[in-house]
Amino acid sequence: MAGALKVAVIGVGQRGLQHVESLAQLQADEEVQIAALVDPYEENLAEEKIQSKAPSYKQGSTRLYSDVDEMIADAKPDAVWFVIPPNQHRGEIERVAGLGISIFAEKPQSLFYDEIKRQADAIDDAGIASTVGFQKRYDPWYTAIHDYMEGKQMSSVMTVSLGSVEGHGVKHTHTEEQGGPANRVWTANRAWSGTSIVEAGIHQTDQMRYWSRDDVEWVQASYVNRPDHLHDAQGDNPVAYTVIYGFKGGGIGNLIFTKPAKSYFNQRYEYIHTPESHVAFEDDLVVYSYSGSDYPPSDRPSVEQVRTVLAKGPEPSAMGPESTRDISRQFVRSIVEDNPDLRRNSFRSSMQSLAPVLAANVSDSLGGERVYIDEFENSDKYAQYRQRPAGL
Ligand SMILES: NC(=O)c1ccc[n+]([C@@H]2O[C@H](COP(=O)([O-])OP(=O)(O)OC[C@H]3O[C@@H](n4cnc5c(N)ncnc54)[C@H](O)[C@@H]3O)[C@@H](O)[C@H]2O)c1
């Protein structure tokens, strides 16, 4: 274990437990040593509870803390995983960065852009390694699209994500003691999640950027609010979201997100176009594009003539445990080998996925106004939307 990277997980809830499982597997491979876990609630640090979701974990020499700063001073980790609700940051990222400790931050890094800028500046000033939890970037199919798009222009990209209101009993923050939702389902609550587009749609936004190798220039959004009388039982996040992204390279992105209650239904539809091709998710990942030199051909080509397999099925789960383990393993190796190329994002670059979803909220609240990301980040016009609201 001597050369293993000393790591700590801050926040041992739904996602933290998945990171503990990944890191326990990396510990078995002697790539890391889980030096410490931090959570303000003692029950979340109990070995048996952790093992129910992270079966590879054994407490062993892992030390347990209720406070981040105490843990840092005592356990002196080389790298930490921040896995706490996005409205709960209180300068910890800045303080940890200032001590030269590498940072894996779960998305969304915070809900307040001014705070996110301070976090990013602290990370860059310290020159530490950082990454944000967009594990889809480590999925082989998504990477095949990223590779296919090299040197091509994205003309349109679409994600339809049909889900339902988040389930009960999966969250571990005692929100009821902190003025949050009584049922702990903070992802359905606007003050805690920033809306489902910020908390969850940020993944699809990042994937559009990863696939297209492009960044969002502007956003226009329109939401359908949940009726007031349903808020107590279902949270106050909107039921439906339509978000349009204009990309810097001229392409358009469409993100349709729905969260009705009681449906218990999940489905997705995704594609990406170049001016001369359509990438589709089928049993295999395929691209439709005619490559004959006689374009336009005299007869409409057969499906076989235009269909090329980019990656063989079955499709891996881009959100699943493999990509979660891979993003952590690559992060660890990038630090040990001092090789930033092993990381597929940084805290700073990931702000280009976070700013568009925060700006989508602004667009919706201004009646669908087109919000340019550069202006959202910098102009006085949007200053009030970048700040943490008083009292939160
Ligand atoms: N990448 C992904 O696929 C993915 C999936 C789920 C959640 N997430 C993200 O992970 C983060 C955590 O979400 P979750 O689902 O685990 O929530 P959760 O409520 O289940 O767990 C959060 C944990 O953090 C602890 N915590 C709160 N404040 C803390 C602090 N200051 N110091 C230490 N611990 C603290 C809580 O007690 C709780 O155990 C969120 O940002 C969420 O968006 C990412």
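Since the model is a prediction, treat every value here as computed from it, not as a measurement.

A. How the structure looks around the domain arrangement of the protein chain. Domain annotation for the protein chain reports domain 1 (5–133 + 322–345) and domain 2 (137–316 + 352–386). With centres defined by C-alpha atoms, the gap from domain 1 to domain 2 works out at 26 Å. If you look at the interface, domain 1 gives 22 residues, while domain 2 gives 21 residues. Looking at the side of domain 1 that touches domain 2, the elements that each hand over two or more residues are α5 (113–126) and α12 (321–336). Of the residues contributing to the side of domain 1 that touches domain 2, the split by class is 9 nonpolar, 8 polar and 5 charged.

B. Structural context of the nonpolar core. Counting 90 residues, the largest nonpolar core has Val7, Ala8, Ile10, Val80, Phe82 and Ile103 as its most contacted members. In terms of residue count, the dominant contributor to this core is helix α13 (residues 347–365) (9 residues). Looking at which domains feed residues into this core, each of domain 1 (5–133 + 322–345) and domain 2 (137–316 + 352–386) gives three or more. Filtering out sequence-adjacent residues up to four positions away, Val7 remains in contact with Leu23, Val32, Ile34, Ala35, Pro77, Asp78, Ala79, Val80 and Trp81. With 5 residues, the next largest nonpolar core counts Val165, Trp186, Ala188 and Trp192 among its residues.

C. Region of the structure containing the site of the ligand. Neighbouring the ligand are 27 residues, the closest being Gly11, Gly13, Gln14, Arg15 and Thr173. At 3 residues, helix α1 (residues 14–28) tops the list of elements feeding residues into the shell around the ligand. Partitioning the shell around the ligand into residue classes produces 11 nonpolar, 10 polar and 6 charged. Shared between two domains, the shell around the ligand holds at least three residues of each, these being domain 1 (5–133 + 322–345) and domain 2 (137–316 + 352–386).

D. Spotlight on the sheet that holds strand β10 (residues 252–258). The strand order across the open sheet built from 9 strands is β14-β13-β12-β11-β7-β10-β9-β8-β15, with neighbouring strands paired in mixed fashion. One side of each edge strand has no neighbouring strand; the edge strands of this open sheet are β14 (307–311) and β15 (371–372). Note: strand β7 (residues 156–162) against β10, 7 bridges, orientation parallel. Paired with Val160 across the strands is Ile256, a residue of β10.

Criteria and cut-off values
Residues numbered from 1 in each chain as written. Predicted model: local features only at pLDDT ≥ 70, side-chain atom pairs only at ≥ 80, totals over all residues. Domains from an automatic or database assignment. Contact = placed C-beta atoms within 7 Å. Helix = DSSP H or I, 4+ residues; strand = E, 2+ residues; numbered from the N terminus. Nonpolar A, V, L, I, M, F, W, Y, C, P; charged D, E, K, R; others polar. Core = buried A, V, L, I, M, F, W, Y, C linked by C-beta atoms within 7 Å. Buried ≥ 20, exposed ≤ 12 C-beta atoms within 10 Å, placed from the backbone. Near = placed C-beta within 6 Å. Pairing = 2+ DSSP bridges.

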